[in-house]
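Residues per chain are reported as follows:
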Amino acid sequence: MRNLIKADLKRILSKKGLYASLILMILITIFPGSKRSASEQIESYKTLFNTIGLTIMCIPIFLSVYGDELRSGTMITTIGMGLHRHKLVKAKLWVCTILLLGSYSVLYGTALFKFYLDDLVITEKQSLFLFIYCLYCVIRGVGIFALSSLVLFVSMSAAGGMLMLVLAGMASSPILKGFQDKLKLPFYDISYMGLLDASFASFQAGGFGGTLIVALIYLAIVIYINVKLFDRKELNL
């Protein structure tokens, strides 16, 4: 599995698609006008990194990790050569995690550079919380990848996986919040995204952020279902 992860990273990092998306996000992070205070700037970055930014970064990663190999038949060939399917599922998810973590590390550094350019003073505590928020965005992204890859492996369709990625990344939170507000039931609060939001808010307020554990259990369940369904999927090897 380790060799597969290394081979995937080498293949993907030699392409331009991921870099184009990262450069776009860097430009979006740097060029908008500055806020009046560091706290306002941080809030704007949290909105950017958690919504459109997450989708912009996830799409090329998903296409590079899953779409290219499914389209070329490399994924099927790899399984035919004896790689266990559960290792393939986990390896692909690790590749997505590493690429997303690297991308958000760059965005975090870009955000700090923007503070310097705008002469906004950011405290160590604010810098730490922004870094932690970036990590939470990575965890969100991993959940989106896990759900999208589940659809991809079951349907063996990159388009199906992409549709789930966009829905999970852009539409799921507003829809669940709308149902929660209308029906007065905690649809969003008990969702993966809602649990992560609650965890970060608790952590920022000095709490433990324990709902993160529940969110990670959700993630583990989705990965487990992913593995089990893919194991039962009939493939033309």
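An account of the accompanying structure is given in this report. None of these values were measured; they are calculated from a predicted model.

For the rest of this paragraph, the subject is the packing of aromatic side chains. Two descriptors summarise a pair of aromatic rings, namely the distance from one centre to the other and the angle between the planes of the rings. Under the defined criterion, the tally for this structure stands at twelve aromatic pairs. Where Tyr136 meets Phe200, the ring centres are 5.5 Å apart and the plane angle is 75°; that geometry is what we call edge-to-face. Of this pair, Tyr136 sits in helix H7 (residues 124-155) while Phe200 sits in helix H9 (residues 192-204), placing them 64 residues apart in sequence. Classification of Tyr136 as buried rests on a relative accessible area of 7%. The exposure class of Phe200 is buried, given its relative accessible area of 5%. For the ring pair Phe153 and Phe230, a centre distance of 4.3 Å and an interplane angle of 35° mean the geometry is tilted. Taken together, the positions of Phe153 in helix H7 and Phe230 in helix H10 (residues 211-232) put the pair 77 residues apart, joining distant regions of the chain. Both residues of the pair, Phe153 and Phe230, count as buried. One aromatic cluster in this structure is built from Tyr45, Phe49, Tyr104 and Phe115.

Bringing helix H1 (residues 2-13) into the picture now. Between its first and last C-alpha atoms H1 spans 16 Å; for twelve residues at 1.5 Å apiece the expected length is 16 Å, and the two agree. Residues of H1 that are buried: Leu4, Ile5, Asp8, Leu9 and Ile12. The arc that holds every buried residue of H1, seen down its axis, measures 130°, which confines them to one face. In H1, the exposed positions that point more than 90 degrees away from the buried face belong to Arg2, Asn3, Lys6 and Lys10.

On to the side chain of Gln180. If you trace the backbone, Gln180 turns up in helix H8 (residues 158-183). Separated by 2.9 Å, the side chain of Gln180 and the backbone nitrogen of Tyr188 make a polar contact. Excluding anything up to four places from it in sequence, Gln180 contacts Leu185, Pro186, Phe187, Tyr188 and Asp189.

A few words on a nonpolar patch on the surface. On the surface, Val154, Phe208, Ile213, Ile217, Ile221, Tyr224, Ile225 and Leu229 cluster together to form a nonpolar patch covering roughly 770 Å² of accessible area. The element that contributes the greatest number of residues to the nonpolar patch is H10, accounting for six residues. With respect to the secondary-structure elements, Ile221 resides in helix H10.

Considering the arrangement of structural elements, one finds Thr55 in helix H4 (residues 52-72). In this structure Thr55 comes out as buried when scored by relative accessible area, which is 9%. As for Thr55 and Gly169, which are separated by 114 residues in sequence, their C-alpha atoms are 5.9 Å apart. Those residues within four positions of Thr55 in sequence are excluded, and the remaining contacts are Gly169 and Met170.

Calculation rules
- One numbering rule holds for all chains: residues counted from 1, following each sequence as written.
- Local features are withheld for residues below a pLDDT of 70 in this predicted model, meaning they are given only at 70 or higher, and side-chain atom pairs are given and counted only at 80 or more; totals for whole chains, interfaces and linings count all residues.
- Processing note: side-chain calculations cover all non-hydrogen atoms of the structure and skip hydrogens and water entirely.
- Any two rings among Phe, Tyr and Trp, with Trp reduced to its six-membered ring, count as a pair given centres within 6.5 Å; such a pair is stacked if its planes are under 30 degrees apart, edge-to-face if over 60, and tilted if neither.
- The helix and strand labels rest on DSSP assignments: H or I over at least four residues marks a helix, E over at least two residues marks a strand, and numbering proceeds from the N terminus.
- Categorising residues by exposure relies on relative accessible area from a 1.4 Å probe, with only protein chains included: less than 20% of the type maximum marks a residue as buried, more than 50% marks it as exposed, and the intermediate range marks it as partly exposed.
- Every helix has an expected span of 1.5 Å times one less than the residues it contains.
- The arc in question is traced by the directions running from the helix axis to the C-beta atoms.
- As used in this structure description, the phrase polar contact means that two N or O atoms lie within 3.5 Å; if the pair is within protein, one of them must be able to donate a hydrogen and the other to accept it, and residues adjacent in sequence are counted only when both atoms belong to side chains.
- Any two residues whose heavy atoms approach within 4.5 Å at even a single point are treated as in contact.
- The residues that make up patches have over 30% relative accessible area and no salt bridge, and they are joined within 9 Å when like-charged or within 5 Å when they are Val, Leu, Ile, Met, Phe, Trp or Tyr.
- Where accessible areas are quoted, they stem from the Shrake-Rupley method and a 1.4 Å probe; at the residue level, only the protein chains shown are allowed to cover.
- Basic side-chain nitrogens of Lys or Arg form a salt bridge, by our definition, when they fall within 4 Å of a carboxyl oxygen of Asp or Glu.

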